Amino acid sequence: MKVLSVVGARPQFVKLAPIAREFEKQRIEHIIVHTGQHYDPMLSDVFFKDLGIADPDVHLGVGSGGHGEQTGKMLIGLEPVFERYQPDWVLVYGDTNSTVAAALAAVKLHLPLAHLEAGLRSFNRRMPEEHNRVLTDHAADLLLAPTKVAAAHLQTEGLTKRTEVVGDVMTDVVLQVRDQVRNAPSPIMTEFGFSEGAYRLATIHRPDNTDDPGRLNAILDSLAGLDVPTVILAHPRLVAKCEQHGIALGREGLLAHRPLAYPELVAATLHACGIVTDSGGLQKEAFLLRTPCTTVRPETEWVETVELGWNQLVEPGAALVAAARRPMPAPTDATPYGDGHAAANVVKALAEHFK
């Protein structure tokens, strides 16, 4: 069996790591194609190194651009790659432009398509990620759902026969890295001299939160007004939008910091008193590390984090401040995202459905 993985953005590299290890363990031929959607080294190259992923076999170097431009360039670049390798499965991850471009290219060439992290829904049609994941799910031959909630969404859309619940591969990674870094201080603690739990960690990058200067400034003001200092990891999009809007990113109570390598991010999350984010991945990582999360969005794909009390959805302003400062949630042993063996389940499903 020959599997070709298409990735292009930071969350996909994290999900790729345990899959690549499982393929190597079972001696399955695996080709890695990097579209170049994320090209900043701290959001791309460093993840391959830190997570022990082999260098990509193909790097398209697509870079930034509008959704249509970026997706179109990927389609143009992927078709000859697929024709060259003729994989038994094209495996796509998550909900980025890289995901939907690879799905379209595979379908047009009649190559079997599997979607890892299938069935997630925000039900917010303004989000480009929502369109990407829905289109990919309906194109795919095999839907690898991370949770029972995701599988239920696919059932509602008439896709049950193609669905397998495999667990969440990000759980595999987070638990492994957690055990590596848990007994050492986070780089944020070391660099700023913080004691355990004396800071919050924040990431903000989604268009709905960064395109409107008034909303972006309100979010940053809220972060600066919390009870302990907040360290915001400066995603390239956030930096660019602050410059465009003439907004100061760093201010009293709010410290800007470069993006972190993945083990550093896990350590910084583990030792923070709370997370404020609009990232899908970090919501789940915070839950797995049992760090309270506040999400600056009206909805989340990871509803389990909210239902279990470890995540709250808020608007900027007083609601954000109150939610971030809330007491520690009730402890839970719930494992909605699996037990850390999702990658093995994925490979098993691919083998069983391989024809």
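Now for a look at the structure at hand.

Procedures and definitions
- Residues numbered from 1 in each chain as written.
- Predicted model: local features only at pLDDT ≥ 70, side-chain atom pairs only at ≥ 80, totals over all residues.
- Heavy atoms only, no water.
- Pairing = 2+ DSSP bridges.
- Helix = DSSP H or I, 4+ residues; strand = E, 2+ residues; numbered from the N terminus.
- Axes fitted to C-alpha atoms, helices over the stretch in contact; angles between N-to-C directions.
- Buried < 20%, exposed > 50% of the residue type's maximum accessible area, 1.4 Å probe, protein only.
- Lys, Arg positive; Asp, Glu negative; His and termini not counted.
- Salt bridge = Lys/Arg side-chain N within 4 Å of Asp/Glu carboxyl O.
- Polar contact = N/O pair within 3.5 Å; in protein donor to acceptor, adjacent residues only side chain to side chain.
- Contact = heavy atoms within 4.5 Å.
- Right-handed = clockwise from strand over helix to strand, strands pointing away.

On the basis of which strands lie adjacent, the open sheet formed by six strands has the order β10-β9-β8-β11-β12-β13 and parallel pairing. Looking at which strands have only one partner, the edges of the open sheet turn out to be β10 (254-257) and β13 (311-313). Mean inter-strand twist for the sheet, computed between neighbouring axes without regard to direction, equals 20°. Taken together, the three bridges between strand β8 (residues 200-203) and strand β9 (residues 230-233) define a ladder with parallel strand orientation. Paired with Leu 201 across the strands is Val 231, a residue of β9.

A few words now on the side chain of Asp 278. Note on placement: Asp 278 falls in the loop between β11 (274-277) and α13 (280-288). Arg 206 provides the closest opposite charge to the buried, salt-bridge-free Asp 278, at an N-O distance of 4.8 Å. A polar side-chain atom of Asp 278 sits 3.0 Å from a polar atom in the side chain of Asn 209. Contacts of Asp 278, omitting those with residues within four sequence positions, involve Thr 203, Ile 204, His 205, Arg 206, Asn 209, Thr 295, Val 296 and Arg 297.

This part takes up the pattern of salt bridges. Considering all chains together, one arrives at 24 salt bridges under this definition. A salt bridge links Arg 133 to Glu 301, with the nearest nitrogen and oxygen atoms 3.1 Å apart. A residue pair is termed long-range when its members are at least 10 positions apart, and Arg 133 in helix α5 (residues 128-139) and Glu 301 in the loop between β12 (293-295) and α14 (303-307) qualify at 168 residues. For the residue pair Arg 133 and Glu 301, the accessibility class agrees, reading buried in each case. The salt bridge partner of Glu 301 is Arg 297, with a shortest N-O separation of 2.9 Å. This pair shows no difference in class: Glu 301 is buried, exactly as Arg 297 is. Salt bridges linked by common partners bring Asp 95, Glu 130, Arg 133, Arg 297, Glu 299 and Glu 301 together as one network.

Let us now look at the pairing of strand β2 (residues 29-34). The element β2 is extensively covered by neighbouring structure, given that five of its six residues are classed as buried. In this structure, strand β1 (residues 2-7) lies alongside β2, joined through six bridges in parallel fashion. Bridged to Val 7 within β2 is His 34. Once you follow β1 into helix α1 (residues 10-25) and on to β2, the crossover reads as right-handed. In the sheet, β2 pairs with strand β3 (residues 58-59) via two bridges, with the strands oriented parallel. Pairing of His 34 across the sheet is with His 59, part of β3.

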